[in-house]
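Remarks on the overall topology
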Amino acid sequence: DTEVTQTPKHLVMGMTNKKSLKCEQHMGHRAMYWYKQKAKKPPELMFVYSYEKLSINESVPSRFSPECPNSSLLNLHLHALQPEDSALYLCASSQSAGTGGSLNYGYTFGSGTRLTVV
Amino acid sequence: GIQVEQSPPDLILQEGANSTLRCNFSDSVNNLQWFHQNPWGQLINLFYIPSGTKQNGRLSATTVATERYSLLYISSSQTTDSGVYFCAVEDTGRRALTFGSGTRLQVQP
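What comes next concerns the included structure. What you see is a predicted model, and the numbers here were worked out from it, not measured in a lab.

1. Section: the overall build of chain A
If you tally the helices and strands in chain A, you get zero helices and 11 strands. Counting from the amino terminus, helix and strand elements in chain A follow one another as β-β-β-β-β-β-β-β-β-β-β. Its C-alpha atoms give chain A a radius of gyration of 14 Å, near enough to 13 Å, the size a compact globule of 118 residues would have. If you line up chain A on its principal axes, its C-alpha atoms span 40 × 25 × 25 Å. Among the 118 residues that make up chain A, the fraction classed as buried is 50%. Restricting to contacts in chain A with at least 6 residues of sequence separation, those with at least 24 account for 56%. Looking at chain A as shown, the accessible area adds up to about 5,700 Å², and 50% of this sits on carbon and sulfur atoms. For chain A, the distance from the average site of its 12 positive side-chain charges to the average site of its 9 negative ones is 6 Å.

2. Re the interface of chain A and chain B
Each partner contributes residues to the interface: chain A has 28 residues there, and chain B has 22 residues. In total, about 1,800 Å² of surface goes out of reach between chain A and chain B, with carbon and sulfur atoms giving 50% of it. Here Arg94(B) and Glu58(A) are joined by a salt bridge, their closest N and O atoms 2.6 Å apart. Taken together, the connections running from chain A to chain B amount to six residue pairs in polar contact (both at pLDDT 80 or more). Here the side of chain A that touches chain B takes three residues from strand β4 (residues 31–37) of chain A, the largest share from any one element. When its residues are assigned to classes, the side of chain A that touches chain B shows 14 nonpolar, 10 polar and four charged.

3. Points about the environment of Glu3(A)
Residues and elements named next belong to chain A. Considering the arrangement of structural elements, one finds Glu3 in the segment before β1 (4–7). Put simply, Glu3 and Met32 are 29 residues apart on the chain and 13 Å apart in space, counted from C-alpha to C-alpha. Contact partners of Glu3, with chain neighbours within four places excluded, come to Glu24, Gln25, His26 and Met27.

Each value, and the rule that gives it
Numbers given to residues run from 1 along each chain, matching the order in which its sequence is written. Whichever chain is written first becomes A and whichever ligand is written first becomes 1, with later ones labelled in order. Only residues with pLDDT of at least 70 are given local features in this predicted model, and only at 80 or more are side-chain atom pairs given and counted; all residues enter the totals for whole chains, interfaces and linings. Side-chain numbers come from the whole structure's heavy atoms, not from hydrogens or water. Here a strand is any run of E in DSSP of at least two residues, a helix any run of H or I of at least four, and the numbering for each starts at the N terminus. Based on C-alpha atoms, the radius of gyration is set beside the globule rule, defined as 2.2 Å times the residue count to the power 0.38. Only protein chains enter the area calculation, which uses a 1.4 Å probe; residues under 20% of their type maximum are buried, those over 50% are exposed, and those in between are partly exposed. Any two residues whose heavy atoms approach within 4.5 Å are treated as being in contact. In this description, accessible areas are obtained by the Shrake-Rupley approach with a 1.4 Å probe, and a residue is regarded as covered only by the protein chains that are shown. Note on charges: Lys and Arg go in the positive column, Asp and Glu in the negative column, and His and the chain ends are not counted at all. Charged side chains are reduced to one point each, which is NZ for Lys, CZ for Arg, CG for Asp and CD for Glu. Each of two parts loses accessible area, computed with a 1.4 Å probe, when they are put together; buried area is these two losses added. One side-chain nitrogen of Lys or Arg within 4 Å of one carboxyl oxygen of Asp or Glu is enough to make a salt bridge. We call two N or O atoms a polar contact when they sit within 3.5 Å, provided that within protein one can donate a hydrogen and the other can accept it, with sequence-adjacent residues counted only if both atoms are side-chain atoms. Ten residue types, Ala, Val, Leu, Ile, Met, Phe, Trp, Tyr, Cys and Pro, are classed as nonpolar, four, Asp, Glu, Lys and Arg, as charged, and the remainder, Gly among them, as polar.

Don't take any of this as a statement about function, it's just geometry.
Take a look at the structure:
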């Protein structure tokens, strides 16, 4: 299995809702990442988990709360979002943070969750 | 942090034409990858190429790490090659990929 699976693919939520994005990989990768991508912009890093510990938080607002329950799963809990948080949220994994990824494949990305906040 | 610059920002080609996309980066890197983002947002990994040359069908890539640049060649372009091409690097000090601003490619029939 060489995939990163993200659910749901689309999500519409109100500003008072609580929702979660889910990411799963079974490649034995020990680093997992959340990226945010606005329209016509490149992906921007939000969080990095290395060996299930949060290693990088790019000053993301607290209304975004990451969680890594085990080495295969990564969640992003959303609460009290704003319309400007509407974006494509991408999850990625790599063999190990800080080593450039796996020998031949580097980082693998999921297909993303397209989030709309109304 | 590391700076990643891609050129050109936009490119329009006729089907069958060849093209070269460039990525310059400002510091030493552990990893460099080229991605193609399709209209649905999926980032498709084209090459993992921190150094050297690789080829995959009509695509090839070269990274000259000592001069801090990478090139992606697309030959005999097809309409399905349309989309955004991103170069992304992991520098030695930051344990995550940093993306360039992308090259938006449109291949016309």
